[in-house]
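# Inside the fold
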Amino acid sequence: MSTVTTMPSAEVTLAPLMTKLEMTELVMAAKFARQASWADISAAAGMSDVFVVSACLGQNALPAEAAAKVAAFLGLGNRTKDVEIALQLPPKKAQEAETVSKDPLIYRFFEITYVYGDTIKELIHEEFGDGIMSAIDFDLKIEREENPRGDRVKITMCGKFLPYNQW
């Protein structure tokens, strides 16, 4: 004979979860209103600025402690807990990326991939063999590099190499 443990019969009131888009809109509004930088928000979270920005834009999930720190830092009033929860939810990655973005900066990354993608692929295969660069075990860093012809954007992507299995 088995025993079934049941929860007390107290009723729980549930509200729909905030969507990632709603969360992003609140984060952006609070960031603007507080005149905070991404560096400020990331420092509050205690995590990388690239990862925190990505989570705030709905493309990654923050650990509970970091999500609570970001939401508290932004001072979102009665929406603080909603944003904290939304920051922790696993995202549906790149949902808007089914078409090429018209934003000039984002489009340039598509252009770089179109022009240099096969070259990058060939050079990675030559150096590492047949496989891919992980976008999960991955770091991204964005820096300003001074140059007399105009400052440069320096982007460093560092992902673990994952060889394809052969059987």
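Coordinates for the structure precede this section.
Here the structure is a predicted model, which means the values were calculated and not measured.

Further remarks concern the overall build of the protein. Broken down by element type, the protein carries 6 helices and 2 strands. Secondary structure elements of the protein, listed N to C terminal, follow the sequence α-α-α-α-α-α-β-β. For 167 residues, the compact-globule formula gives about 15 Å, and the C-alpha radius of gyration of the protein, at 21 Å, lies well above that figure. A separation of at least 24 residues holds for 56% of the contacts in the protein among residues at least 6 apart in sequence. Accessible surface, the protein as shown: approximately 13100 Å² in total, 58% of it carbon and sulfur. Here the protein holds 17 positive side-chain charges and 23 negative ones, and the gap between their average locations is 3 Å.

Let us now look at a negative patch on the surface. A contiguous patch of negative charge on the surface is contributed by Asp118, Glu122, Glu126 and Glu127. By the secondary structure assignment, Glu122 is in helix H6 (residues 104-128). Here Glu122 falls in the exposed class, since its relative accessible area comes to 54%.

Turning our attention to the pairing of strand S2 (residues 152-163). Judged from the 11 bridges that link them, strand S1 (residues 131-145) and S2 form a sheet pairing that is antiparallel. When the bridges of S2 are listed, Glu145 appears paired with Arg152. Where S1 folds back on S2, the antiparallel hairpin that results is connected by 6 residues, among which Gly150 adopts a positive phi of roughly 120°.

Structurally, Ser42 is set in helix H2 (residues 38-45). With relative accessibility at 3%, the residue Ser42 sits in the buried group.

This part takes up unusual backbone geometry. Residue Gln35 is not a glycine yet carries a positive backbone phi of 55°. Tracing the chain through its elements places Gln35 in the loop between helix H1 (20-34) and H2.

A separate point is the packing of H2 against helix H4 (residues 64-74). Relative orientation of the contacting elements H2 and H4 amounts to 135°, with a least axis distance of 8 Å. By the angle between their axes, H2 is oblique relative to H4. At the point where H2 passes H4, the crossing takes the right-handed sense. Judged by residue contacts, Asp40, Ile41, Ala44 and Ala45 of H2 engage Ala66, Lys69, Val70, Phe73 and Leu74 from H4. In terms of residue class, the contact of H2 with H4 is built from 7 nonpolar, no polar and 2 charged.

Now for the environment of Val27. When you line up the elements, Val27 lands in helix H1. On the basis of relative accessibility, which here comes to 0%, the residue Val27 falls in the buried class. As for Val27 and Thr80, which are separated by 53 residues in sequence, their C-alpha atoms are 10.0 Å apart. If near-sequence neighbours (up to four positions away) are discounted, Val27 is found in contact with Trp38, Cys56, Leu74 and Val83.

Rules used throughout
Residues numbered from 1 in each chain as written. Predicted model: local features only at pLDDT ≥ 70, side-chain atom pairs only at ≥ 80, totals over all residues. Heavy atoms only, no water. Helix = DSSP H or I, 4+ residues; strand = E, 2+ residues; numbered from the N terminus. Rg over C-alpha atoms; globule rule 2.2 N^0.38 Å. Contact = heavy atoms within 4.5 Å. Areas by Shrake-Rupley, 256 points an atom, 1.4 Å probe, with all protein chains shown as cover. Lys, Arg positive; Asp, Glu negative; His and termini not counted. Charge placed at Lys NZ, Arg CZ, Asp CG, Glu CD. Patch = residues over 30% accessible without salt bridge, like charges linked within 9 Å, V, L, I, M, F, W, Y side chains within 5 Å. Salt bridge = Lys/Arg side-chain N within 4 Å of Asp/Glu carboxyl O. Buried < 20%, exposed > 50% of the residue type's maximum accessible area, 1.4 Å probe, protein only. Pairing = 2+ DSSP bridges. Axes fitted to C-alpha atoms, helices over the stretch in contact; angles between N-to-C directions. Parallel < 35°, antiparallel > 145°, perpendicular 65-115°, else oblique. Left-handed = near helix turned anticlockwise from the far one by under 90°. Nonpolar A, V, L, I, M, F, W, Y, C, P; charged D, E, K, R; others polar.

As far as function goes, none of this settles anything; it's purely spatial.
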